[in-house]
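# Summary of structural features
Residues per chain are reported as follows:
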Amino acid sequence: GEIRYWDLTERKTLFNLNAHNGIVKGLTFVDDGLNFLSCGSDNKINFYKFQHAFDHYKDPDFTPSNIYTSKTVLTSIDHHYSEKKFATSGGVVQVWTYERSNPLQTYEWGTDSVLKVKFNPSEQNLIGAVGIDRSIVLYDIRAATPLKKTILQNKSMCFAWNPMEPINFTVGNDDSNCYTFDMRKLDIIKMIHKDHIGAV
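Everything numeric in this text was worked out from a predicted model, so none of it was measured.

## So, the state of the cysteines
- Applying the stated criterion across every chain yields a total of zero disulfides.
- In this model Cys-39 remains outside any disulfide bridge; the closest cysteine sulfur is found in Cys-158, 16 Å from its own.
- Free cysteine Cys-158: the closest other cysteine sulfur is in Cys-178, separated by 6.2 Å.

Now the structure itself:
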C-alpha cells in the first residue's frame, strides 16, 4: 500500500506515503504535473497535491486531498491529457471527474475484468484497454458504447500508445511477445516484438 517518490540521480527516496490498505494497483500524474492519483485493492482512488504530500507526509494526520470510492475492483488508473477526467479499470471501465463522487461513465463489454487502461495522447477521448478474457478494446468517452474489440490467443497485461504515431499501440502479452496494432485495423497485427524471457 506504499507509494514512494524517488530521486533517480541520487537513487534515494524523497518521500513515501502509506496510501492504501492493500496493494497499490495504479498511479498517474495529472496533466499539470503538480498532482497525482493512485488506486488500490481497497477500491479507493486517492487524489494528492504533490507539494502538500511532499511537505506533510510525516504528519500522522496527513490524508489525501480527495478520496473516491469505486463499487468495483480497481486494477489501473490513467489521467486524461487535457481535461479534468481520469479512467479506471477493473470489473468495468469507469470515467471519473473531480466534481463527482460517482463515475461519470461506465463501460463493459462482456469481460470479467479489465486489466489496464490508457488514454490516447492525440485523440484524447479514446481509451485503450486490455482484458482478462484476452481482449483488446477501444472506447470513445464521447459515445455510450465501446468502439472496437479483438481477441488474442493469450492474455495481455499492459497497454501503451505510441507517442510519435498515436494511431499505433503496443500490448505486452503472456506469451512473452509484444504486439503492435494500428487502431484502424485491429484484425491485423502490425508487428511482433519477440525474444523476451518471460511474460511482458
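## Quick word on the pairing of strand S13 (residues 135-140)
- Counting buried positions over the six residues of S13 gives six, a clear majority of the element.
- Because side chains alternate across S13, one face comprises the buried residues Ser-135, Val-137 and Tyr-139, and the other comprises Ile-136, Leu-138 and Asp-140, equally buried.
- Of the strand pairs in this sheet, strand S12 (residues 126-131) and S13 are connected by five bridges, and their pairing is antiparallel. Looking at S13, one finds that Ile-127 is bridged to Tyr-139.
- The antiparallel hairpin formed by S12 and S13 contains three residues in its connecting segment, where Arg-134 sits at a positive phi of about 75 degrees.
- Across five bridges, the pairing between S13 and strand S14 (residues 146-151) is antiparallel. Looking across to S14, one finds that Leu-138 is bridged to Lys-148.

## Describing the sheet that holds strand S15 (residues 156-161)
- Strand order in the open sheet formed by four strands is S15-S16-S17-S18, with antiparallel pairing between adjacent strands. Bordering the open sheet on either side are S15 and strand S18 (189-193), each of which pairs with just one other strand. The mean angle between the axes of side-by-side strands here comes to 20 degrees, regardless of whether they run parallel or antiparallel.
- Relative to S18, strand S17 (residues 178-182) is paired through four bridges, and the arrangement is antiparallel. Its bridge partner being in S18, Phe-181 is matched across the sheet by Ile-189.

## Brief notes about the packing of aromatic side chains
- Enumeration according to the criterion identifies 21 aromatic pairs in this entry.
- When the ring of Tyr-107 is compared with that of Tyr-139, the centres are 5.5 Å apart and the planes differ by 45 degrees; the resulting orientation is tilted. Of this pair, Tyr-107 sits in strand S10 (residues 105-107) while Tyr-139 is found in strand S13, placing the two residues 32 residues apart along the sequence.

## Describing the environment of Gln-51
- Along the chain, Gln-51 turns up in helix H1 (residues 50-56).
- Gln-51 sits in the partly exposed class, given a relative accessible area of 47%.
- In this structure the C-alpha to C-alpha distance between Gln-51 and Asn-35, which are 16 residues apart in sequence, comes to 8.1 Å.

## Some details on the side chain of Gln-94
- Mapped onto the fold, Gln-94 is located in strand S9 (residues 93-97).
- Polar contacts involving the side chain of Gln-94 include one to the side chain of Ser-70, which spans 3.1 Å.
- Excluding anything up to four places from it in sequence, Gln-94 contacts Ser-70, Thr-72, Leu-74, Phe-86, Ala-87, Thr-88, Pro-103, Gln-105 and Thr-106.

## Observations regarding the sheet that holds strand S5 (residues 44-49)
- Spatial ordering of the open sheet is given by S3-S4-S5-S6, a layout of four strands whose pairing is antiparallel. A single partner strand is all that each edge strand has here, and the edge strands are strand S3 (24-29) and strand S6 (66-69). Going across the sheet, the axis of each strand differs from the next one's by a mean of 15 degrees, ignoring polarity.
- When S5 meets S6, the two strands line up antiparallel, connected through four bridges. Looking at S6, one finds that Phe-47 is bridged to Asn-66.

Criteria and thresholds
Residues numbered from 1 in each chain as written. Predicted model: local features only at pLDDT ≥ 70, side-chain atom pairs only at ≥ 80, totals over all residues. Heavy atoms only, no water. Disulfide = S-S within 2.5 Å. Buried < 20%, exposed > 50% of the residue type's maximum accessible area, 1.4 Å probe, protein only. Helix = DSSP H or I, 4+ residues; strand = E, 2+ residues; numbered from the N terminus. Pairing = 2+ DSSP bridges. Axes fitted to C-alpha atoms, helices over the stretch in contact; angles between N-to-C directions. Phe/Tyr/Trp six-rings, centres within 6.5 Å; stacked < 30°, edge-to-face > 60°. Polar contact = N/O pair within 3.5 Å; in protein donor to acceptor, adjacent residues only side chain to side chain. Contact = heavy atoms within 4.5 Å.

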